[in-house]
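Coordinate inspection notes
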Amino acid sequence: MTSNEFIDSGILEQYVLGNASATEIEKIQLMVAAYPAIQVEIDAISQTLEKLAMENAVKPDPVIKPFLMAVIDYTERISNGEPVSDPPLLQANSKVEDYAQWLNRTDMVSYGNDDICAKIINYTPQVVTAIVWIKTYTPHEVHDNEFERFLVVEGTCDIMIEDEINHLVPGDYFSIPLHKTHLVKVTSAIPCKVILQRVAA
């Protein structure tokens, strides 16, 4: 087989994708040693596939990273001996002072320059409670299986439920209805710091 026939066979694409068999890989390595043009083609295929992947990349939800980091942080804290706490359920008569023992902790502070930062207070399959800092906004989302509740600690924000805008200031409580598109937009010069609770529906 000539180098051009080998290039046209489609085996190099499978090799770059990691789908070539051990026998095919060995054959490709022998052909690369004999025909430098094959290595050039392998590099070109790699660059084309990378370009295609970048052009079609889906931007990740900006909420995923901060909450993943919060889960890692919480897991490490519990593993290092932090006792499991039992924060109260957020409700209409909740006050910021109800969460003072967590808000006043020196390790419960925002970190990094991300638009969203979170520190988990407690996790169970039924309820997740966290302190969350939002610098600018949270993206649109809909909850079908959990109620999302907010208690504003610092800063101000607008919570938009579809076409309805709700202006929140420190001390305000708000509950997101199920199945409704919503987002949070910060309206203060400082990040909006909230107690966030997600309760299984």
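Let me sum up the structure you'll find in this document. Because the structure is predicted, anything quoted here is derived from the model rather than measured.

So, the nonpolar core
Ranked by size, the top nonpolar core spans 23 residues in total, and within it Val-132, Phe-150, Cys-157, Ile-159 and Val-194 carry the most contacts. When residues of this core are traced back to their parent elements, those giving at least two are helix H5 (64-79), strand E1 (116-123), strand E2 (127-134), strand E4 (146-154), strand E5 (157-161), strand E7 (173-176), strand E8 (182-186) and strand E9 (192-200). When residues no more than four places from it in sequence are discounted, the contact partners of Cys-157 are Val-152, Asn-166, His-167, Leu-168, Val-184, Lys-185, Val-186, Thr-187 and Cys-192. Formed by 13 residues, the second largest nonpolar core is a distinct cluster that contains Tyr-99, Met-108, Leu-151 and Val-153.

Digging into the environment of Glu-148
Structurally, Glu-148 is set in strand E4. Linking Glu-148 and Val-16, residues 132 residues apart in sequence, is a C-alpha distance of 45 Å. For Glu-148, the side chain forms a polar contact with the side chain of Arg-198, separated by 2.8 Å.

Regarding helix H4 (residues 36-55)
Owing to its 3.6 residues per turn, the α-helix brings residues three or four apart onto one side. Helix length check: H4, at 20 residues, gives a terminal C-alpha distance of 29 Å against a target of 28 Å (1.5 Å per residue), a fit within 8%. What H4 keeps buried is the set Ile-38, Ile-42 and Ile-45. One side of H4 holds all its buried residues, which, seen down the axis, span an arc of 65°. Those residues of H4 that are exposed and angled more than 90 degrees off the buried face are Pro-36, Val-40, Gln-47, Thr-48, Glu-50, Lys-51, Met-54 and Glu-55. Where H4 is buried, its residues contact helix H1 (3-8), helix H2 (11-16) and helix H3 (22-34).

Concerning the pairing of E2
Here E2 lies mainly inside the structure; 7 of its 8 residues are buried. Taken together, the 7 bridges between E1 and E2 define a ladder with antiparallel strand orientation. Following the sheet pairing, Tyr-123 is matched in E2 by Val-128. Pairing of E2 with E9, which is carried by 8 bridges, proceeds in the antiparallel orientation.

Rules used throughout
Along each chain, numbering runs from 1 in the same order as the chain's sequence is written. A pLDDT threshold of at least 70 governs which residues receive local features in this predicted model, and a stricter bar of 80 or more applies before side-chain atom pairs are shown or counted, although totals over entire chains, interfaces and linings include all residues. As a rule here, side-chain values come from all non-hydrogen atoms in the structure, and water together with hydrogens is ignored. Within this scheme, the nonpolar core is defined by two criteria: the residues are buried Ala, Val, Leu, Ile, Met, Phe, Trp, Tyr or Cys, and they are joined through side-chain atoms within 4.5 Å. Only protein chains enter the calculation, and the probe is 1.4 Å; a residue is then buried if its accessible area is under 20% of its type maximum, exposed if over 50%, and partly exposed in between. Here a strand is any run of E in DSSP of at least two residues, a helix any run of H or I of at least four, and the numbering for each starts at the N terminus. A contact between two residues is defined here by any heavy atoms of the two lying within 4.5 Å. Whenever two N or O atoms come within 3.5 Å, that pair is a polar contact, provided that in protein one can donate a hydrogen and the other can accept it, and provided that, for residues adjacent in sequence, both atoms are side-chain atoms. Multiplying 1.5 Å by the residue count of a helix minus one yields the expected span of that helix. The arc in question is traced by the directions running from the helix axis to the C-beta atoms. By the convention used here, strands pair only if DSSP detects at least 2 bridges between them.

From the geometry alone we can't say anything about function, so treat these as descriptive.
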